[in-house]
Amino acid sequence: MNCGIMSLLSDTAFEDPWSSFFMDVLSPLSFVKVSSVRMQGLLLLVFAKYQHLPFIQILSTKSTPTGLFGYWGNKGGVNICLKLYGYYVSIINCHLPPHMANNVQRLEHFDRILEMQNIEGHGIPNILDHDLILWFGDMNFRIEDLGLHCVREAIKNRCYCDLWQKDQLSIAKRRDPLLREFQEGPLLFPPTYKFDKNSDNYDTSEKKRKPAWTDRILWRLKRQPPAGSHTPRLPASDFYLSLKSYISHMMYTVSDHKPVTGTFDVELKPLVCVPLITLVPEGLWTTEDMLVNYFLTPDFISSSWDWIGLYKVGFRHINDYVCYVWVTDNEVSFSDELNQVYINISDIRETEDRFLLCYYSNNLRSVVGISNPFEIQPHAFLEKDPLGEAQPQI
């Protein structure tokens, strides 16, 4: 993506094509875009299956520019911090300084990005106390000492282990205790940089840049303090992450990099098992209104800006509602346990589509309740009685 002025201006005015593409591909699979953050050429998207939405709370999105002495976002990192079933998770995408000689600067930017992710207030712990940090991007680490011919021969013969020892990130992890806490899968694929565009050939330009594993995926699980004479050993963590695959995709040729993907399994014991809001469509509808019951947990703090949206199953993101209603403005009854609100559905045509209700909390900036899927056919709910009057049906 272009990192120039026009790109910067368009970023603020239009939805990026990557978001639209992934929403088109993933929404039929029941994935919804939960959050996103951009900084010029850096983009981070988080998708989740809709049934997980009430248990995902977006705590913050943040951009950390490190280019031009910290004022320009062509280099730096973007972060989405969230709670997943009560666990703290930080996801970082970065672009670090290029070139072989800038390794010290790369490591300084890495530390700077990590340092800037701490959020003051709101009871959010230091990022190093988060249950999971997932960090990836164009880290630009290179292969030291070995010459171009030696590197290319090792790649040709698939002797990647000869290159691992000279990989700058691997060397830095052996020297830096904090960096060593970040794990990475085995580099069993060819270096992903630098290729001639629209080909599988490594750089044949005059510069003939040495191939390198610049595109990396790292993760760090929460550090468990060692047991001492006065510190009992903590129980084993209930949050587990296992890497299933770590591969490059050599068939793509539109860039001078080859994309890298990692697939993980997450196993956790939920710290939060009950959604803050339980939504139940009442089932007694007219051609204009649908009555919705919703139940609040005792610790939920509502806002006058909370709203309930009606969505088709397969919706793309939280603003992809068919219609919505402000909760406090349209409430018809409430008690300590039960609340009711009407949603106008007069503009919905008869359809075989299935629908969902979502409760959006303005305070938490997240969906905190979601109904089971259901069907509505507004104009089929009324039948004529013998006196010719319309009667609602359940």
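Provided above is the structure to which this section pertains.
In this text, all values refer to a predicted model and were calculated from it rather than measured experimentally.

Rules behind the numbers
The residue count restarts for each chain, going from 1 along the sequence in the order it is written. The model is predicted, so local features are restricted to residues of pLDDT at least 70 and side-chain atom pairs to those at 80 or more, both for listing and for counting; the totals for chains, interfaces and linings are taken over all residues. Only hydrogens and water are set aside; all other atoms, that is, all heavy atoms of the structure, feed into the side-chain values. A run of H or I in DSSP becomes a helix once it reaches four residues, and a run of E becomes a strand once it reaches two; helices and strands are each numbered from the N terminus. Throughout this description, buried means an accessible area under 20% of the type-specific maximum (1.4 Å probe, protein chains only), exposed means over 50%, and partly exposed covers the range between. Polar contacts, as used here, are pairs of N or O atoms within 3.5 Å; protein pairs need one atom able to donate a hydrogen and one able to accept it. Residues neighboring in sequence count only if both atoms are side-chain atoms. In what follows, residue pairs with any heavy atoms lying within 4.5 Å of each other are defined as contacts. Only Phe, Tyr and Trp rings take part, Trp by its six-membered ring, and two of them pair if their centres are within 6.5 Å. Stacked means planes under 30 degrees apart, edge-to-face means over 60, and tilted covers everything else. By definition here, charges over rings are those cases where NZ of Lys or CZ of Arg is within 6 Å of the ring centre and within 35 degrees of the ring normal. Buriedness of a pocket was judged along seven lines, with at least five required to meet protein on both sides within 12 Å; pockets are open sets of points on a 1 Å grid over the protein atoms alone, cavities are sets where a 1.4 Å probe fits but cannot get out, and lining residues have an atom within 4 Å of a point. Grid points are joined across faces, edges and corners, and a volume is the space filled by probe spheres set on the points. Ten residues, namely Ala, Val, Leu, Ile, Met, Phe, Trp, Tyr, Cys and Pro, are considered nonpolar, four, namely Asp, Glu, Lys and Arg, are considered charged, and the remaining ones, Gly among them, are considered polar. Only strands joined by at least two bridges in the DSSP assignment are considered to pair.

J.: Which parts of the structure should I look at to understand the side chain of E184?
T.: Locating E184 in the fold gives a position in the loop between α7 (177-180) and β7 (215-221). The class of E184 is buried, set by a relative accessible area of 19%. Within the structure, the side chain of E184 is placed 2.7 Å from the side chain of R216, a separation counted as a polar contact. Those residues within four positions of E184 in sequence are excluded, and the remaining contacts are L169, K173, R216, I217, L218, W219 and Y246.

J.: What am I meant to see in the packing of aromatic side chains here?
T.: The geometry of an aromatic ring pair comes down to the distance between the two centres and the angle between the two planes. Scanning the entire structure with this criterion turns up 22 aromatic pairs. Here Y160 and W213 contribute two aromatic rings whose centre-to-centre distance is 6.3 Å and whose plane-to-plane angle is 80 degrees, an arrangement assigned as edge-to-face. One end of the pair, Y160, is in the loop between α4 (148-156) and α5 (161-164); the other, W213, is in the loop between α7 and β7, and 53 residues separate them in sequence. Residue W213 is classed as buried on the basis of its relative accessible area, which comes to 0%. The interplanar angle of 25 degrees and the centroid separation of 5.3 Å between the aromatic rings of W307 and Y360 together place this pair among those described as stacked. With W307 in strand β12 (residues 307-312) and Y360 in strand β16 (residues 354-361), the pair connects residues that are 53 residues apart, well separated along the chain. For the pair formed by W307 and Y360, the shared burial category is buried. The structure contains a cluster of three or more aromatic residues connected by ring pairs, namely W305, W307, Y311, F315, Y321, Y324, W326 and Y360. A cation over a ring is seen here: K258 above F195, with NZ or CZ 4.7 Å from the ring centre.

J.: Mind showing me how you'd approach empty space enclosed by the protein here?
T.: Over the atoms a probe the size of a water molecule is rolled, and this reveals where empty space is left. In this structure the tally under the stated criterion is one cavity of 30 Å³ or more. Put simply, the largest cavity is a space of about 40 Å³. L107, F110, D111, D176, L178 and L179 are the residues that line the largest cavity. Of all the secondary-structure elements, those providing two or more residues to the lining of the largest cavity are α3 (103-115) and α7. In terms of residue count, α3 provides more of the lining of the largest cavity than any other element does, three residues in total. For the lining of the largest cavity, a count of residues per class yields four nonpolar, no polar and two charged.

J.: What exactly am I supposed to notice about the pairing of strand β6 (residues 132-138) here?
T.: Remark: a regular strand shows side chains that alternate across the two faces of the sheet. The element β6 is largely enclosed, with a buried count of six among its seven residues. By the bridge criterion, seven bridges tie strand β5 (residues 87-95) to β6 in an arrangement that is parallel. Note on β6: the bridge partner recorded for V89 is L132. Pairing analysis gives seven bridges linking β6 to β7, with the strands arranged antiparallel. Directly across from F136, in β7, lies its bridge partner I217.

J.: Hey, could you run me through the layout of surface pockets in this one?
T.: Put simply, the second largest pocket is a space of about 400 Å³. Looking at the second largest pocket, it is lined by 18 residues, and the ones nearest its centre are V34, S35, I318, Y360 and R365. Mapped by element, the contributors of at least two residues to the lining of the second largest pocket are β1 (31-39), β3 (56-67) and β17 (366-370). Considering only residue class, the lining of the second largest pocket consists of nine nonpolar, six polar and three charged.

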